Structures are given as structure tokens and as C-alpha cells.
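One letter stands for each residue in the lines below.
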Amino acid sequence: MAADRRVVERGEGEGDGDLPIPGLALTPPVRRPRREPIFCGDIAIRIARDGTWHYQGSPIRRKELVCLFASVLTREPDGSFWLVTPAERGRIEVEDAPFLAVELFVSHCRGRQVLSFRTNVDEVVEACREHPIRVARDIVTCLPTPYLAVRPGRGSLPIEARIERSVYYELVALAVPETVHGESVLGVWSSDSFFPLGQADEG
């Protein structure tokens with residue numbers, strides 16, 4: 001009886017951590033190395049300048065599918081665009097920017113103007129230091145072409161949305177003059193950041 005009592009006391013004391021627990025594996029789980037996505041080369045997907053996604057030359061009509069592809073879109077340091085999933089990765093063609101900014105929302109928070117944009121894949125992006133607005137010149141028409149950084153790429157080049165012309169006119173209507181690097185420019189404020197749109201003497 002004394003021996004049995006010692007076993008019970010040991011089971012209820014500090015030594016019970018050494019006893020196996022039925023159904024519990026005592027060996028630690030094996031960590032498997034992360035598998036790199038399989039390189040698939042070029043995929044027959046093209047994003048046209050108007051924001052339409054094409055597969056093998058035909059437009060992709062299902063917006064849900066476009067949004068799914070857009071969620072796995074990345075940009076490499078060389079500027080190329082890729083669709084990357086845990087299993088596969090392949091390069092696609094993008095004629096200009098992969099997204100369009102199709103709607104502008106203006107709000108105010110604690111006295112600050114906040115500009116938010118809805119893209120053609122229904123992603124809402126707030127213009128700020130992390131999501132700046134830049135204006136380039138169209139190489140054909142020389143007209144100002146504005147872009148919004150939607151999310152970072154794998155290098156210094158972000159994934160952008162081209163701001164549609166009608167939305168750009170709304171931005172111009174909100175523009176105020178400021179002096180940047182000694183030059184008088186027109187631009188917009190959003191989230192305590194100023195984004196030049198053009199020279200103050202431009203039409």
C-alpha cells in the first residue's frame with residue numbers, strides 16, 4: 001500500500017511532467033523548407049491601357065476573376081509585372097499601369113484634407129506619403145498623366161493606378177499654389193502631404 005501511495009503522490013506531484021500523455025506526440029513537428037513557386041515563364045495575360053485584362057487575346061469579363069488576379073500581382077525591381085501564388089509565378093504584360101483610379105472621395109479629418117481613390121478593382125487607396133501621386137508627361141500627347149501608388153513592389157518601383165482624366169480634373173479643381181524647391185506649382189494636399197500637379201502658369 002505504501003508503494004501504491006508513493007506512485008499516486010508522484011503522479012500528482014512534480015514528476016508527472018515526465019509521464020507520457022496518451023494521444024500526444026512527444027516528438028517535435030518537422031519544419032519543412034518553404035517551397036518556392038514554380039516558374040511558369042510568360043503567361044498569356046495582358047492588361048491594356050484602359051485597364052481591361054485579356055487572356056489569350058480575349059477580355060476577361062468576370063470582375064471577380066480580375067480582382068483575384070489583381071490580389072496576387074507583384075512588380076519586380078526591373079519594372080516587370082508578375083502573378084505570384086504560393087505554387088506558381090509567371091510574367092504578364094502591362095501596357096501602362098495595371099490599375100485605374102476611377103473615383104475620388106474628399107473628406108476632412110482634424111482639419112486635414114484627405115483624398116481617397118477607388119480603383120477599377122474596387123480597392124480604396126488614400127493618397128499619403130506611402131501612396132503618393134505623381135504626374136508624368138505622355139510621350140505621345142505631352143499631356144500630364146497622373147498616377148497613384150497603390151502598393152509597393154519588390155523593388156523601388158510601386159504598383160500604380162493611372163488616374164482617369166475626369167478624376168484628374170477634379171484634382172485640378174482642388175489644387176492650390178505652393179512653392180516647391182523655389183518654384184511656384186499647383187498641387188493638392190492629402191493627409192499632410194503635398195503633391196504637385198503642374199507649374200502654376202500652366203493652363
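Note that the structure is a prediction, hence the values are computed from the model and not measured.

**Structural notes on the sheet that holds strand β8 (residues 112–119)**
Pairing in this open sheet of six strands is mixed, and the strands run β9-β8-β7-β12-β11-β10 from one edge to the other. The sheet is open, and its two borders are formed by β9 (124–126) and β10 (133–137), each paired with just one other strand. On average, each strand axis in the sheet is tilted by 45° relative to the strand beside it, whichever way the strands run. Note that strand β11 (residues 144–151) and strand β12 (residues 159–163) share four bridges and pair antiparallel. The partner of Ala-149 across the bridge, within β12, is Glu-160. Packed on one face of the sheet, helix α3 (residues 165–174) meets β7 (99–109), β8, β10, β11 and β12 and runs near 30° to β7.

**Some words on the pattern of salt bridges**
Under the defined criterion, the tally for this structure stands at twelve salt bridges. With a shortest N-O distance of 2.8 Å, Arg-46 and Glu-95 are connected by a salt bridge. Of this pair, Arg-46 sits in strand β1 (residues 38–47) while Glu-95 sits in the loop between β6 (88–94) and β7, and the two are 49 residues apart along the sequence. Given a relative accessible area of 25%, Arg-46 falls into the partly exposed group. A salt bridge links Arg-49 to Asp-96; the shortest N-O distance between them is 3.6 Å. Placement of the pair is Arg-49 in the loop between β1 and β2 (53–55) and Asp-96 in the loop between β6 and β7, with a sequence separation of 47 residues. Here the residues in one salt-bridge network are Lys-63, Glu-103, Arg-118 and Asp-122, joined through shared partners.

**Structural notes on the sheet that holds strand β15 (residues 193–199)**
One open sheet holds the three strands; their spatial order is β13-β14-β15, and the pairing between them is antiparallel. Only two strands of the sheet have a single partner each, and these edge strands are β13 (176–180) and β15. Strand-to-strand twist across the sheet, computed as the mean angle between neighbouring axes with direction ignored, equals 55°.

**Looking at the confidence of the model for the protein**
Mean pLDDT over the protein stands at 86; residues scoring 70 or higher make up 82%. Here residues 1–17 scores under 50 on pLDDT; set against residues more than four positions off or in separate chains, the count is four contacts.

**Section: the environment of Gly-79**
Among the structural elements, Gly-79 can be located in the loop between β4 (73–75) and β5 (81–84). Separated by 77 residues in the primary sequence, Gly-79 and Ser-156 place their C-alpha atoms 9.1 Å from one another.

**Some points on α3**
One full turn of an α-helix is made of 3.6 residues, so residues set three or four places apart face in the same direction. Listed in full, the buried residues belonging to α3 are Val-167, Tyr-168 and Leu-171. Summarising the axial view, the buried residues of α3 lie within an arc of 100°, below the 170-degree limit, and thus occupy one face. The exposed set on the far side of α3, more than 90 degrees from its buried face, consists of Tyr-169 and Ala-173.

**What to know about the pairing of β12**
Burial of β12 is extensive: five of the five residues sit out of reach of the surface. Burial along β12 is two-sided: Ile-159, Ala-161 and Ile-163 and Glu-160 and Arg-162, pointing in opposite directions, are all buried. Judged from the three bridges that link them, β7 and β12 form a sheet pairing that is parallel. Residue pairing across strands places Ala-101 opposite Ile-163, the latter belonging to β12.

**Comments concerning the packing of aromatic side chains**
Summed over all chains, the structure comprises four aromatic pairs. Each ring, one from Tyr-168 and one from Tyr-169, has its centre 6.5 Å from the other, and the planes form 40°; the classification is tilted. For Tyr-168, a relative accessible area of 7% puts it in the buried group. Between the aromatic rings of Trp-189 and Phe-194, the centroid separation amounts to 5.2 Å while the plane-to-plane angle is 50°, which identifies the pairing as tilted. Above the plane of the ring of Trp-82 lies Arg-89, whose end atom (NZ or CZ) is 4.3 Å from the centre.

**Considerations on the pairing of β11**
A large share of β11 lies buried, amounting to seven of its eight residues. Taken together, the five bridges between β10 and β11 define a ladder with antiparallel strand orientation. Each bridged residue has a counterpart across the sheet, and for Ala-136 the counterpart in β11 is Thr-145. What sits between the antiparallel neighbours β10 and β11 is a turn of six residues, in which Cys-142 has the positive phi angle 65°.

How each quantity is defined
- Residues numbered from 1 in each chain as written.
- Predicted model: local features only at pLDDT ≥ 70, side-chain atom pairs only at ≥ 80, totals over all residues.
- Heavy atoms only, no water.
- Pairing = 2+ DSSP bridges.
- Helix = DSSP H or I, 4+ residues; strand = E, 2+ residues; numbered from the N terminus.
- Axes fitted to C-alpha atoms, helices over the stretch in contact; angles between N-to-C directions.
- Contact = heavy atoms within 4.5 Å.
- Salt bridge = Lys/Arg side-chain N within 4 Å of Asp/Glu carboxyl O.
- Buried < 20%, exposed > 50% of the residue type's maximum accessible area, 1.4 Å probe, protein only.
- pLDDT = per-residue confidence, 0-100.
- Arc of directions from axis to C-beta.
- Phe/Tyr/Trp six-rings, centres within 6.5 Å; stacked < 30°, edge-to-face > 60°.
- Lys NZ or Arg CZ within 6 Å of the ring centre and 35° of its normal.

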